[in-house]
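Single-letter residue listing:
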Amino acid sequence: MYACGVSIMKRSIFSIAPFAVAAVIAAVANPAFPQADNGPGAKTPASVDEGGLEGEKKPSGSSIVSAPPSVFQITGKSEAPSFKKYVFWAYGFVCFFLFLFYTLCILQSRKLEKRVNYLQERFEDACAAKEAPEETGKAAAGPPAAPLP
Amino acid sequence: MRLQLNNLLGWAMVIVTLALVGFWVPSGVNQIGGSYLIFFFHFPSALNCMELFLVAGVCSILYLRNKNPSMDLWAVSAIEVGMLGCTITLVTGAIWAMPAWGPSDAWITSDPRLLSVYLMWLTYAAYLALRVSMEQGKKRELFCAVFGVLAALNVPFVYFSIRIFADAKHPMEVGSSSFAIKFTQWFGWASFLVLYIALVRLRRRHYQRCRQVDQLQEDFNRARI
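The rules we used
Residues numbered from 1 in each chain as written. Chains lettered and ligands numbered in written order. Predicted model: local features only at pLDDT ≥ 70, side-chain atom pairs only at ≥ 80, totals over all residues. Heavy atoms only, no water. Helix = DSSP H or I, 4+ residues; strand = E, 2+ residues; numbered from the N terminus. Buried < 20%, exposed > 50% of the residue type's maximum accessible area, 1.4 Å probe, protein only. Contact = heavy atoms within 4.5 Å. Areas by Shrake-Rupley, 256 points an atom, 1.4 Å probe, with all protein chains shown as cover. Patch = residues over 30% accessible without salt bridge, like charges linked within 9 Å, V, L, I, M, F, W, Y side chains within 5 Å. Salt bridge = Lys/Arg side-chain N within 4 Å of Asp/Glu carboxyl O. Expected span 1.5 Å × (residues − 1). Phe/Tyr/Trp six-rings, centres within 6.5 Å; stacked < 30°, edge-to-face > 60°. pLDDT = per-residue confidence, 0-100. Core = buried A, V, L, I, M, F, W, Y, C linked by side-chain atoms within 4.5 Å. Lys, Arg positive; Asp, Glu negative; His and termini not counted.

1. What to know about the overall build of chain B
Then, in step 1: In terms of helices and strands, chain B carries 7 helices and 1 strand.
Then, in step 2: Taken from the N to the C terminus, the helices and strands of chain B come in the order α-α-α-α-α-α-β-α.
Then, in step 3: Counting only residues that meet the buried cut, chain B has 60% of its 225 residues in that class.
Then, in step 4: If you take every contact in chain B between residues at least 6 apart in sequence, the share linking residues at least 24 apart comes to 77%.
Then, in step 5: In the structure as shown, chain B presents an accessible area of about 9,400 Å², 66% of it carried by carbon and sulfur atoms.

Have a look at this one:
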């Protein structure tokens, strides 16, 4: 019964999870994703010159990026925006997801451990109970009477 | 190493990585500014998920060779944790692409690397779907092992997709002359590796217990209790 329940739960989780995560990825990466950080006239978040991030300093010079640089060159804080919101969401997501997976592993493992212990005990008890009537039956009949001298 | 110690070490290293990102590495580079900080979780997840998928492939080959059920358990555990890493890679990559490339180029189909990683993710999702849709037994183990080997063949293609397709925007390698950036990058990789190994061991223990439960239920049926 329990195993059946776990199996159904696992099946439903595994069948829904890929679609759920695909939907999240699609929502995050979709071009229509709302850009709360940008000003009203901004074309893209990359074109920080035009829009600029809320509460962040506008960068000097052109900073439209067609591809991320393959070599990171350190610049001062004033020269580039911090994109704090994106960093916060990315790190928040990673930590949340790792923690969720870890907690799920631990909980599932503990439940199964209890189940294994319970089944083992029950099995031993049942085996002992099955053997006991045979022995008691033999005991009730008693040993064969010893012949009188 | 004991599992609890492995877990503890993994989490401690991830927290140290977070601290290094927050307090040590420079807060901005080139034009992409502070968004590059996402790299310190994006890169380790990506590299480690590919490693785990390759490990799963090797385990599947070993299963096919020796028919050892333990190898099947290692393979599925590695794939589950690899899926976790792949999901983290996809989502953090998409979030990073928003400020770095702009929203129109952050879409999965806009770059060969993004598309190939997404296809890899779907392939392994299909592996897990196949696994839960079949009854436990030798047949399922065999099917999953063959699928695991075939899916692992895709991993090198994902890695080299940038070299294969000339129009790729995703850089092949990212480097820096800064010691702080280099150190944090590889420390992050090591911390995620330790954590993922702990998670793989946890998942393997879970599947081992599942197998124990099934075994006990079979014993019940056999003994007709």
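2. Notes on a nonpolar patch on the surface
Residues and elements named next belong to chain B.
Then, in step 1: A cluster of nonpolar residues, Leu64, Leu142, Phe143, Val146, Leu150 and Leu153, forms a patch on the protein surface that exposes about 530 Å² of accessible area.
Then, in step 2: With respect to the helices and strands, Val146 occurs in helix 5 (residues 138-152).
Then, in step 3: Its relative accessible area of 39% is what places Val146 among the partly exposed residues.

3. Looking at helix 2 (residues 39-66) of chain B
Then, in step 1: For helix 2 of chain B, built from 28 residues, the straight-helix expectation of 40 Å at 1.5 Å per residue is met to within 8% by its first-to-last C-alpha distance of 40 Å.
Then, in step 2: Just beyond helix 2 of chain B, the residue with positive phi is B:Lys67, at close to 55°.

4. Overview of the side chain of B:Ser191
Then, in step 1: If you trace the backbone, B:Ser191 turns up in helix 7 (residues 179-223).
Then, in step 2: Discounting residues that sit within four places of it in the chain, B:Ser191 has contacts with B:Gly10, B:Met13, B:Val14 and B:Thr17.

5. Let's talk about the packing of aromatic side chains
All names here are of chain B.
Then, in step 1: For the structure shown, the criterion picks out 17 aromatic pairs over all chains.
Then, in step 2: Ring geometry for Phe39 and Trp96: centres 6.2 Å apart, planes at 55°, overall tilted. Taken together, the residues span a long stretch of sequence, with Phe39 in helix 2 and Trp96 in helix 3 (residues 69-101) at a distance of 57 residues. Summarising the burial analysis for this pair, Phe39 and Trp96 share the class buried.

6. With respect to the confidence of the model for chain A
All names here are of chain A.
Then, in step 1: Per-residue pLDDT for chain A has a mean of 59; in total, 34% of the residues score no lower than 70.
Then, in step 2: Within chain A, the lowest mean pLDDT, 52, falls on helix 1 (residues 2-29), and the highest, 79, falls on helix 2 (residues 84-141).
Then, in step 3: This model gives residues 28-66 a pLDDT under 50, and the stretch forms 82 contacts once residues within four places in sequence are excluded.
Then, in step 4: In this model, residues 145-149 is a region of pLDDT below 50 whose contacts with residues beyond four sequence positions or in other chains number 0 contacts.

7. Notes on the nonpolar core
Then, in step 1: Core analysis: the biggest nonpolar cluster contains 75 residues, and A:Leu98, B:Phe40, B:Met120, B:Tyr124, B:Tyr196 and B:Leu199 have the highest contact counts within it.
Then, in step 2: Only helix 2 of chain A together with helix 1 (3-23), helix 2, helix 3, helix 4 (112-133), helix 5, helix 6 (154-164) and helix 7 of chain B provide two or more residues apiece to this core.
Then, in step 3: A total of 19 residues in this core trace back to one element, the largest contributor, which is helix 3 of chain B.
Then, in step 4: Counting residues in hydrophobic clusters, the runner-up holds 8 residues, among them A:Leu112, A:Val116, B:Leu216 and B:Phe220.

8. A look at the side chain of B:Arg140
All names here are of chain B.
Then, in step 1: Examined against the element boundaries, Arg140 turns out to sit in helix 5.
Then, in step 2: One buried charged residue, Arg140, forms no salt bridge at all, with the nearest opposite charge on Asp72 at 5.5 Å.
Then, in step 3: Once you skip the residues sitting within four places of it in the chain, Arg140 turns out to touch Arg131, Met134 and Glu135.

9. Concerning the pattern of salt bridges
Then, in step 1: Counted according to the given criterion, the structure contains 4 salt bridges over all chains.
Then, in step 2: Among the salt bridges present, the one from A:Glu113 reaches B:Arg209, with a minimum N-O distance of 3.7 Å. One end of the pair, A:Glu113, is in helix 2; the other, B:Arg209, is in helix 7, on a second chain.
Then, in step 3: Overall, the relative accessible area of 12% leaves B:Arg209 in the buried class.
Then, in step 4: Between B:Glu80 and B:Arg203 there is a salt bridge, with its nearest N and O atoms 2.5 Å apart. Remark: B:Arg203 occurs in helix 7 and B:Glu80 occurs in helix 3; sequence separation between them is 123 residues.

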